[in-house]
Amino acid sequence: MPRPASVPVPVTEPVAVGEAIAPAVPVWVRHVTTASVLAVAGVAAVASYEHMRALAELAGEGWRSRLLPVSVDGLAVAASMTMLVRRRAGEAAGVLPWVALLLGLGASLAANVAAADPTVVGRLVAAWPPVGLLLSYELLLQQHNSARGGPGVLTVRSGAVQPLDGGSAR
């Protein structure tokens, strides 16, 4: 069945609303933010690995104590990447990735605090890397979403439609 004559037909590709309404985040800002998140992740990995390894060894895990930190931080990385992929696709991050991220970072936080010098300052210092990682990563994702004008919203360029009947596009 043919379309009614008053229905406009798009003649160009849709454009993200963020391109029309919100100015794009400068590339250098995204690069600095990404580099900052990578630096925080590196510090968290180095600080957490030895704490978790030592704690697992104390618990009698032997050679497996070297694997435990990889599984904990690996869960957080997998959850983070799943969230990034979903947000880039315009979808909500989802409950399971958030649960996995919070469990991974919670286990890292608990291991860091448990293995820290048993003083308030020692435990606060040891707790910082996983907290900093979570916060910096979320800031990166928020910056990515604001650069696109919000997830999954599309529009058509002004004047990009032509009515089938050759009349006005109203």
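You'll find the structure just up there.
Our subject in this report is the structure included herewith.

Conventions and cut-offs
Residues numbered from 1 in each chain as written. Predicted model: local features only at pLDDT ≥ 70, side-chain atom pairs only at ≥ 80, totals over all residues. Heavy atoms only, no water. Helix = DSSP H or I, 4+ residues; strand = E, 2+ residues; numbered from the N terminus. Buried < 20%, exposed > 50% of the residue type's maximum accessible area, 1.4 Å probe, protein only. Contact = heavy atoms within 4.5 Å. Areas by Shrake-Rupley, 256 points an atom, 1.4 Å probe, with all protein chains shown as cover. Axes fitted to C-alpha atoms, helices over the stretch in contact; angles between N-to-C directions. Parallel < 35°, antiparallel > 145°, perpendicular 65-115°, else oblique. Left-handed = near helix turned anticlockwise from the far one by under 90°. Expected span 1.5 Å × (residues − 1).

## Points about the overall build of the protein
Reasoning step 1: If you tally the helices and strands in the protein, you get 5 helices and 4 strands.
Reasoning step 2: The helix and strand sequence of the protein, counted from the amino end, reads β-β-α-α-α-α-α-β-β.
Reasoning step 3: When the 170 residues of the protein are sorted by exposure, 28% land in the buried category.
Reasoning step 4: A sequence separation of at least 24 residues applies to 69% of the contacts in the protein between residues at least 6 apart.
Reasoning step 5: Element-wise, carbon and sulfur atoms account for 69% of the exposed surface of the protein, whose accessible area totals about 10,700 Å².

## Things to note about the packing of helix α2 (residues 27–58) against helix α3 (residues 68–88)
Reasoning step 1: α3 packs onto α2 with a crossing angle of 135° between their chain directions and a minimal axis gap of 8 Å. Considered as vectors, α2 and α3 are oriented oblique to each other. The chirality of how α2 crosses α3 is right-handed. Judged by residue contacts, A45, S48, Y49, M52, R53 and A56 of α2 engage L68, P69, V70, V72 and D73 from α3.

## A few points about α3
Count 3.6 residues to each turn of an α-helix, and residues three or four apart come out pointing the same way.
Reasoning step 1: Under the 1.5 Å per step criterion, the end-to-end length of α3 is 30 Å for 21 residues, consistent within 8% with the ideal 30 Å.
Reasoning step 2: Turning to α3, its buried residues number three or more, namely P69, V72, A76, A79, S80, M83 and R87.
Reasoning step 3: Just past α3, the residue G90 takes up positive phi, approximately 80°.

That is the geometry; function is a separate question.
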